[in-house]
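So you can see what is in the structure, the chains are spelled out below.
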Amino acid sequence: MNFSAISQAQLPALLQAMPKTELHIHIEGSLEPELIFALAKRNQVRLNYTSVEALRSAYAFTDLQSFLDIYYAGASVLQQPQDFYDMAWAYFLRAKADNVVHAEIFFDPQTHTERKVSMRTVITGLHQACVDAKEKLGISSSLILCFLRHLSEEAAMDTFDEAIAFKHLFIGVGLDSSERGHPPEKFARVFARARQLGLRSVAHAGEEGPPAYIWSALDVLHAERIDHGVQAIHDAALMQRLANQRIPLTVCPLSNLKLCVFPDLAQHNVAQMLDQGVCVMLNSDDPAYFGGYLNDNYLQTFAALGLNASHAYQLARNSFEAAFVPDAQKHTWYTQLDECFQQFGA
Ligand code: HPA
Ligand code: ZN
């Protein structure tokens, strides 16, 4: 592939057109203020904001916790299966526009079961949107159930027990919410149980937390991918391991910017990670809150860091390599990626 044949002027169109996966998207984080207000009306939920604009203007975060407080409040409008469907369908339409061919979608059941919304309501609504995304948009997808790490392992175990009846509708478990003070090892037993039942596993680690949390996500939880993982850069031995074992990091630049993990995008370390051989790709995390969907992440990161077509190819290829799908599917996608780059002259 001759990447130097693709000019910097062609890059935005290439980033838009190239097929890619999204592996780090919290579906509750795709809930736009307009839909929050529409669902609040439909379900007669009272909001603490008087307008869409007032809500949006509250999206000025200083760290992860300041975001989570408002994110959990936003999710309170979700009550019926149709609400979960509408939220996910809106995400899939955005994903289609960004040439996302496959998405692995996080959901947080505890945010809903705590409000007496059933596991069945959550999962069946989301699953139906996934079925329709395949049929009507050609996007494949799977669901990953995340445990809220600020709650106890016992609460996670109870949640998992409830979810087992729907085990055929999700492919794995993850770990999200407030990282500091809640190390992965707190959830060792529930992750072991999920793995025994044949589920895949991922965990947020090294977003705000230390490299030690990435080590324990790998060694205690046996996470197959690390969500964020950007703090790994401070630990040379860890970087070596991530690179040697091709352990994917699902990096989310606009999220990191909005939650002040990096002071500006030009200081983001994703290019260093790539150069050191780590399997990184870009993701949107909570696009309704962080100012952009997947292609916004690609476009803004490339502009800020001065990345080129070779970087674009590596990131898109990694997004396929890191997906929880059979190898034959990955090879089909690699071929489609090559064809796209060839059309741009590579
Ligand atoms: N980090 C932790 N928990 C989350 C995030 C995140 O970026 N988004 C939604 N829940
Ligand atoms: Zn996340």
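Everything here concerns the structure above.
All of these numbers come straight from a predicted model, not from anything done at the bench.

Quick notes on the rules
Residues numbered from 1 in each chain as written. Chains lettered and ligands numbered in written order. Predicted model: local features only at pLDDT ≥ 70, side-chain atom pairs only at ≥ 80, totals over all residues. Heavy atoms only, no water. Helix = DSSP H or I, 4+ residues; strand = E, 2+ residues; numbered from the N terminus. Rg over C-alpha atoms; globule rule 2.2 N^0.38 Å. Buried < 20%, exposed > 50% of the residue type's maximum accessible area, 1.4 Å probe, protein only. Contact = heavy atoms within 4.5 Å. Areas by Shrake-Rupley, 256 points an atom, 1.4 Å probe, with all protein chains shown as cover. Lys, Arg positive; Asp, Glu negative; His and termini not counted. Charge placed at Lys NZ, Arg CZ, Asp CG, Glu CD. Polar contact = N/O pair within 3.5 Å; in protein donor to acceptor, adjacent residues only side chain to side chain. Core = buried A, V, L, I, M, F, W, Y, C linked by side-chain atoms within 4.5 Å. Donors = N, O, S within 2.8 Å, 3.2 Å for Na, K, Ca; no water. Tetrahedral: all angles 85-135°; square planar, octahedral: opposite > 155°, others 65-115°. Near = heavy atom within 4 Å. Pairing = 2+ DSSP bridges. Right-handed = clockwise from strand over helix to strand, strands pointing away.

Participant: Whenever I open this one, the overall build of the protein confuses me. Can you help?
Facilitator: Looking only at helices and strands, the protein features 17 helices and eight strands. The C-alpha atoms of the protein give 19 Å as radius of gyration, which agrees with the globular expectation for 346 residues (20 Å, within 12%). The dimensions of the protein, computed from C-alpha atoms along their principal axes, are 55 × 40 × 40 Å. Of all 346 residues assigned to the protein, the portion counted as buried reaches 58%. A separation threshold of at least 6 residues defines the contact pool for the protein, and within that pool the share at least 24 residues apart is 77%. About 13200 Å² of surface is accessible on the protein, with carbon and sulfur atoms providing 51% of the total. Averaging the positions of the 26 positive and the 38 negative side-chain charges in the protein gives two centres separated by 4 Å.

Participant: It is not clear to me how the side chain of Asn318 should be interpreted in this structure. Could you clarify?
Facilitator: Structurally, Asn318 can be placed in helix α16 (residues 309-321). Here Val280 takes part through its backbone oxygen, which lies 2.9 Å from a polar atom of the side chain of Asn318. If we skip the residues at most four places from it in the chain, Asn318 touches Arg246, Leu274, Val278, Cys279, Val280 and Met281.

Participant: I tried to follow the environment of Leu93 on my own but got confused; where do I start?
Facilitator: For Leu93, the location among the structural elements is in helix α5 (residues 81-97). Separated by 57 residues in the primary sequence, Leu93 and Ile36 have C-alpha atoms spaced 17 Å apart.

Participant: Help me out: how do you make sense of the nonpolar core in this one?
Facilitator: Nonpolar side chains in soluble globular proteins tend to be buried together. Of all hydrophobic cores here, the largest spans 116 residues; its most connected members are Phe92 and Tyr289. Every residue in contact with Phe92, bar those within four places of it in the chain, is listed here: Ile105, Ala129, Cys130, Ala133, Leu137, Ile139 and Ser141. Residues Phe106, Ile144, Val202 and Phe324 belong to the second largest nonpolar core, which totals five residues.

Participant: Help me understand the coordination of the zinc ion (ligand 2) in this model?
Facilitator: Put simply, the ideal angle at a metal is 109.5 degrees for four donors in tetrahedral geometry and 90 or 180 degrees for six donors in octahedral geometry. For the zinc ion (ligand 2), the full set of protein donor atoms is His24 (NE2), His26 (NE2), His204 (NE2) and Asp285 (OD), at a range of 2.0 to 2.2 Å. Considering all four donor atoms around the zinc ion (ligand 2), angles at the metal cover 81 to 174 degrees and the coordination shape is irregular.

Participant: How do you make sense of the site of ligand 1 when you look at a structure like this?
Facilitator: Around ligand 1, the neighbouring residues are His26, Leu64, Phe67, Leu68, Tyr71, Asp176, Ser177, His204, Glu207, His228, Asp285 and Asp286. Asp285 places a polar side-chain atom, nitrogen or oxygen, 2.7 Å from an oxygen atom of ligand 1. With respect to ligand 1, the side chain of Asp286 contributes an N or O atom lying 2.7 Å from a nitrogen atom. Contact with the protein chains covers 100% of the free accessible surface of ligand 1, which is 260 Å². Sort the elements by how many residues they give to the shell around ligand 1 and helix α4 (residues 64-74) lands first, with four residues.

Participant: What's the story with the pairing of strand β6 (residues 225-228) in this structure? I'm lost.
Facilitator: Two faces make up the sheet, and in a regular strand the side chains alternate between them. Judged from the four bridges that link them, strand β5 (residues 200-205) and β6 form a sheet pairing that is parallel. Bridge pairing in β6 places Val202 opposite Arg225. What joins β5 to β6 is helix α10 (residues 211-219), and the crossover it makes is right-handed. Pairing of β6 with strand β7 (residues 249-251) involves two bridges; the strand directions are parallel. Across the sheet, Ile226 pairs through a bridge with Leu249, a residue of β7.

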